[in-house]
Amino acid sequence: MKLQRFALALAGVGMLAATAAAGPATAAVRSNPTPAIAHSANGNLKTTPNTKLASAGCLQDVGFNTPTPGINDVLVTPAKPPRGEFFGEFKFVGTRLNTTWYGVQTDAHFYYHSLFVQGGTLYRGVTYFDTDNARPTYARIGSGWTSFTQLVTSNYAITAPNRSYLYGLSTNGSLYRYAASGATFRALGHFPGFKGFKAMTVISETPTYDTLLMTTKAGALWTVRIPAAASTKPILKLVRSTGFAAYESLAARECGVKGGTLVTGFDNDTDSAYQYAMSKFNGSATAVTSYGRVTGGTIPGTGIFSITGHWNQLIGE
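Residues numbered from 1 in each chain as written. Predicted model: local features only at pLDDT ≥ 70, side-chain atom pairs only at ≥ 80, totals over all residues. Heavy atoms only, no water.

Draft legend 1. A look at the side chain of Q150. By secondary structure assignment, the location of Q150 is in strand β11 (residues 148-156). Judged by its relative accessible area of 9%, Q150 is buried. One polar contact links the side chain of Q150 to the main-chain amide nitrogen of M200, over a distance of 3.1 Å. Sequence-distant contacts of Q150, that is, excluding residues within four places in its chain, are made with L97, Y167, G168, L169, K198, A199, M200, E248 and S249. (Helix = DSSP H or I, 4+ residues; strand = E, 2+ residues; numbered from the N terminus. Buried < 20%, exposed > 50% of the residue type's maximum accessible area, 1.4 Å probe, protein only. Polar contact = N/O pair within 3.5 Å; in protein donor to acceptor, adjacent residues only side chain to side chain. Contact = heavy atoms within 4.5 Å.)

If you want it as structure tokens, here you go:
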């Protein structure tokens, strides 16, 4: 498996007309980092926009925060049990929530873009790995994110018009949505009725809708299709009624051309991850195969997040 040198970047987009400010605390960087955030030669990272969706190669790259504070990742190969290849941790700021990291490679740079929350404040930034020394930069977007327990992003980049949404699950029981608009995000309102929900990830990104995969505190697994039209309500379908209560966070990765998805759930109580293969989502008719606990190490953090290419699209439902 051919691995490339790690590059992390937090999104170069603002939120709610934010202005750049002082970065988050403890923004230390390790010198001469070991490779991390793996990308294999079989399609984990698409470097140019195109209409060809992922086909072969169903490895899943899952990132996680560590108490150091730092960031690490594990490349998971589906099997029974799933085989995890852990990479070198590097120092980073303390984060409470992390959205998907999207990789971009140009002639000049290799980086990832994303958003993260430290305490109740949302940040954006860029960390370049063009040399052996990581060079992260940070910009404060704004406060007011204390009530959010989950944040995920969708990124439709295959055909015009491109769009990017941010979804947040709040302790008040509502699911909030924001749309990228130039250098800012604009609020698109919120959907009530999500009080019992716990973890979520994005499984579909299309021109007309996004689909989230969400668990409840009681252990049920649901798909939540959210049409792009701002006034349209989400469409919920029950996938399984029990079995998913242990997970504090989820990560998804497309698998094959038929809409299959690899889903990894993180159990904070045991510092462990469990992987599932799921067919094209169709409510209770969805085929779910449990591969079991990811081997190769533990995950000493509070959550996981997906790592993918900027032009990789999720087609799970």
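Alright, that's what it looks like, and here's the rest.
Draft legend 2. Region of interest: the pairing of strand β19 (residues 249-255). Across the seven residues that make up β19, a large majority, six, are buried. A loop of four residues connects β19 with strand β20 (residues 260-267), the two strands running antiparallel in sequence, and G256 in this loop sits at a positive phi of about 85°. (Pairing = 2+ DSSP bridges.)

Draft legend 3. Summary view of the pattern of salt bridges. By the definition in use, this model includes four salt bridges. Across the pair D210 and R163 runs a salt bridge whose closest N-O atoms are separated by 3.1 Å. Here R163 lies in strand β12 (residues 163-170) and D210 lies in strand β16 (residues 209-216), a separation of 47 residues in the sequence. (Salt bridge = Lys/Arg side-chain N within 4 Å of Asp/Glu carboxyl O.)

Draft legend 4. View of the sheet that holds strand β17 (residues 221-227). Read from one edge to the other, the open sheet built from four strands follows the order β15-β16-β17-β18, with strand pairing classed as antiparallel. Each edge of the open sheet carries a strand with a single partner, namely β15 (197-205) and β18 (235-240). On average, each strand axis in the sheet is tilted by 25° relative to the strand beside it, whichever way the strands run. In terms of strand pairing, β15 meets β16 through six bridges, oriented antiparallel. Looking at β16, one finds that M200 is bridged to M214. (Axes fitted to C-alpha atoms, helices over the stretch in contact; angles between N-to-C directions.)

Draft legend 5. Structural view of the state of the cysteines. Under the counting rule described, the total for this entry stands at one disulfide. The disulfide partner of C58 is C255, and the S-S distance across this bridge is 2.0 Å. Looking down the S-S bond of the C58 and C255 bridge, the torsion is 100°, so its handedness is right-handed. Of this pair, C58 sits in the segment before β1 (60-66) while C255 sits in strand β19; the two residues are 197 residues apart in sequence, bridging distant segments of the chain. (Disulfide = S-S within 2.5 Å.)

Draft legend 6. Summary view of the sheet that holds β19. Ordered in space as β19-β20-β21-β22, the four strands form an open sheet in which the pairing is antiparallel. Whereas interior strands pair on both sides, the edge strands pair on one side only; in this sheet they are β19 and β22 (288-293). Direction aside, the axes of adjacent strands within the sheet are offset by 20° on average. Bridging between β19 and β20 involves seven bridges; their strand directions are antiparallel. Residue pairing for β20: A252 is matched across the bridge by V263.

Honestly, it's all geometry; don't read function into it.
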